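# Descriptive analysis of the structure
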Amino acid sequence: MPVKIAVLKETRANERRVAMVPAVADKLAKLGCEIHMQAGAGIASRIPDEAFKKITTAANPQGLVSDADIVVSVQPPAADVVNAMKEGSILLSFVYAHKEPELTKLLRDKRITTLAMELVPRITRAQAMDALSSQAALAGYYGALLGATSIARMMPMTTFATGSIRPGTILVMGVGVAGLSAIATARRIGAKVEGYDVRPEVKEQVESLGAKFIDTGVDARGEGGYARELTQEEKDKIAAVVTKHIQAADIIITTAAIPGRPSPKLISKAQVDGMKNGAVIIDLAADGGGNCEYTQPGQSVQVGQVTINAPLNVPSLLAEHASELYAKNQYNLIELFVKDGAINIDWTDEVLAKSALTHGGEIKNEAAKKAVEGA
Ligand code: NAD
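## Brief notes about the overall build of the protein
Summing up its helical and strand segments, the protein has 12 helices and 19 strands in all. The C-alpha radius of gyration of the protein comes to 22 Å, within 12% of the 21 Å expected for a compact globule of 375 residues. With respect to the principal axes defined by its C-alpha atoms, the protein has extents near 70 × 55 × 35 Å. Scored against the burial criterion, the 375 residues of the protein give a buried share of 51%. Taking as baseline every contact in the protein between residues at least 6 positions apart, the subset at least 24 positions apart corresponds to 63%. Within the structure as shown, the protein displays about 17,000 Å² of accessible surface, and the carbon and sulfur contribution to it stands at 52%. Treating the 41 positive side-chain charges of the protein as one cloud and the 42 negative ones as another, the clouds have centres 4 Å apart.

Right, dumping it as C-alpha cells:
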C-alpha cells in the first residue's frame, strides 16, 4: 500500500503559497507515496493542476484527508479538516501553537502526529528542512527591493553627464536570516548598508556582506541562538547609539523577533519624528506586531514625511519560489520517515523529536504544552 499524502489548498487571508510543487511530487512518488491534492491548490502560486503528473485531485478537503496517511499544508488546516483526518495520521504544517490553542488541543485529542515546521531545530543537519529560514530569506530580499522602490531616490552611486549622485543608505535592524538576506540584496543594488542586532556574533556576518555593523555594546544573546528581551536600561543604552543611524537612513528594514513573544519595538515614535524627509521603514516583523511604534500591521502609514510600510506574510508575495522552497523543506523531513512506501518514525532522531508538536494524544513540545494546557 503506498503512503497517501493529501495536499491542502490554503484558505487563510494573504496566503498564496502551496505545500507541493510538481518536482517534489515526482520525488515523493519515488519514495512510494501517492499524492492527492485539493483541486486548484497551486493556482495562487501560478501552478495549475495540470503541471502535476500522476496525482489525483479532489474538490472537498474533508474527503481528501479522510484516508490520508500524511497531510501537508502551509498554514494550519481548519478544525473541520483536522476533524476529518484519520486518527494517528501525520500533519506537516506551520502551526504556532500559542496562537492556535484550540486547534492544538484538537490535534492532540485526534492523536494526530503533528510535525510543526516552526519547531524544526536550527541545527546544521536540519538546514534543508528549515522552512523558517527559507521563507525568511525570501522576505528579506523582498523587503530590500520594496524599500528601494518606495522612495524617490536611486540606491547606487551613479555618475551622469550632469554629475554624480551619492548612494542611498539602508539600515537593517535585526540581522537573522531575513536581515542577512536584506543586507545582501541592498548591497547588490548598490546601497551603503548598515546592520544592527543585539547578538554581537552577527558582526562578522554583516561585515562579510560588505555592510557596517553598528555596535551598541549590549549583548542580548538568549537561548538556542535567539535573542532575549531587553531591560529598560539596555534599551536606553541602545537608543543612544542607534538614533543617529536611524535618522540618517533613507530606508530602514526591520526584522527583529523573539520566539513566542510580540516583536520588540526597535524604533520609537520620537526616533521616526526625527527621520529624513522621504525616508521609508519596511517593517518585516509586522506578523508579530511590528518593530516600530507607528507600525500598523498590514498597512502603509505616512507619519509626516516618513512612510512605515508593514506588509503581512511577505514570503507569500513571492509565492512561486516560496512554495518551491517550502515543499522541498517538507520533502526533506518526509524523507526521514518514509522508506519504500512505509512510514516509520524514529523518535530518537533529534530532528523529528524536536519538530513534534503533538503525538499519541500528547503535546510533545514543552513551551507549546505550557501555552496551551497551562503550567
Ligand atoms: P529571528 O527571526 O528570531 O530574529 C531576527 C533577528 O532579530 C535575530 O537576529 C535577533 O537577534 C534579532 N533581534 C531580536 N531582538 C532584537 C532587538 N531588540 N534589537 C535588535 N535585534 C533584535 O531570527 P532567525 O532569523 O530565525 O535566526 C535566529 C537564530 O537561529 C540565529 O542565531 C541564526 O543564526 C540561527 N539559525 C541557525 C540555523 C542553523 O544552524 N541551521 C538556521 C537558521 C537560523
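## Focus on the side chain of Asp-130
In this fold, Asp-130 is placed in the loop between strand 6 (113-116) and helix 5 (131-148). At 3.2 Å, the side chain of Asp-130 forms a polar contact with the backbone nitrogen of Leu-132. Excluding its chain neighbours within four sequence positions, the residues that come into contact with Asp-130 are Val-120, Arg-122 and Asn-329.

## Describing the site of the ligand
The full set close to the ligand counts 22 residues, and Arg-122, Val-177, Asp-197, Arg-199 and Gly-225 are the nearest of them. Within the contact set of the ligand, a nitrogen atom lies 3.2 Å away from a backbone nitrogen or oxygen of Ile-123. Contact with the protein chains removes 84% of the 850 Å² of surface that the ligand exposes when unbound. The residue makeup of the shell around the ligand, split by class, is 12 nonpolar, 6 polar and 4 charged.

## Some thoughts on the layout of surface pockets
Sizing a probe to match a water molecule and rolling it over the atoms shows the empty space that remains. Computed from the structure, the second largest pocket encloses a volume of approximately 160 Å³. As for the second largest pocket, its lining consists of Arg-153, Arg-166, Pro-167, Gly-168, Thr-169, Lys-192, Glu-194, His-245, Ala-248, Asp-250 and Lys-276. In the lining of the second largest pocket, the residues fall into 2 nonpolar, 3 polar and 6 charged.

## Quick word on helix 12 (residues 366-373)
Put simply, Asn-365 is the residue that caps the front of helix 12, since its side-chain oxygen is 3.2 Å from the backbone nitrogen of Ala-367. Just downstream of helix 12 lies Gly-374, where phi reads positive at about 85°.

## Thoughts on the sheet that holds strand 5 (residues 90-93)
In spatial order, the strands read 3-2-1-4-5-6-18-19; together these 8 strands make up an open sheet with mixed pairing. The sheet is open, and its two borders are formed by strand 3 (56-58) and strand 19 (362-363), each paired with just one other strand. Relative to strand 5, strand 4 (residues 70-72) runs parallel, the two being bridged by 3 bridges. Note on strand 5: the bridge partner recorded for Ile-70 is Ile-90.

What counts as what
Starting from 1, residues in each chain are numbered consecutively following that chain's sequence as written. At least 70 in pLDDT is required for a residue's local features to be given in this predicted model, at least 80 for side-chain atom pairs to be given and counted, and no such filter applies to totals for whole chains, interfaces and linings, which use all residues. Heavy atoms from the whole structure form the basis of all side-chain values; hydrogens and water molecules are not counted. Secondary structure elements follow DSSP: runs of H or I no shorter than four residues count as helices, runs of E no shorter than two count as strands, and numbering proceeds from the N terminus. For a compact globule the rule gives 2.2 Å times the number of residues to the power 0.38, and the radius of gyration it is set against comes from C-alpha atoms. Each residue is assigned to one of three classes by its accessible area relative to the maximum for its type, calculated with a 1.4 Å probe on protein chains only: buried under 20%, partly exposed between the two thresholds, exposed over 50%. Every residue pair with non-hydrogen atoms within 4.5 Å of one another is taken to be in contact. Surface exposure here means Shrake-Rupley accessible area, sampled with a 1.4 Å probe, where a residue is shielded only by the protein chains that are shown. As used throughout, the charge tally considers Lys and Arg to be positive and Asp and Glu to be negative, leaving His and the chain termini uncounted. Think of each charge as sitting on NZ of Lys, CZ of Arg, CG of Asp or CD of Glu. Distance and chemistry together define a polar contact, namely a pair of N or O atoms within 3.5 Å, with one atom able to donate a hydrogen and the other to accept it when in protein, and with adjacent residues in sequence counting only for side-chain atoms on both sides. Each residue is tested against the molecule or strand, and it is near if at least one of its non-hydrogen atoms lies within 4 Å. Amino acid classes used here: Ala, Val, Leu, Ile, Met, Phe, Trp, Tyr, Cys and Pro are nonpolar; Asp, Glu, Lys and Arg are charged; the rest, including Gly, are polar. Definitions used for this entry: grid spacing 1 Å over protein atoms alone; cavity, a set of points where a 1.4 Å probe fits but cannot get out; pocket, an open set with protein on both sides within 12 Å along at least 5 of 7 lines; lining residue, one with an atom within 4 Å of a point. Grid points are joined across faces, edges and corners, and a volume is the space filled by probe spheres set on the points. Here a strand pair is declared whenever DSSP counts at least two bridges between the two strands.

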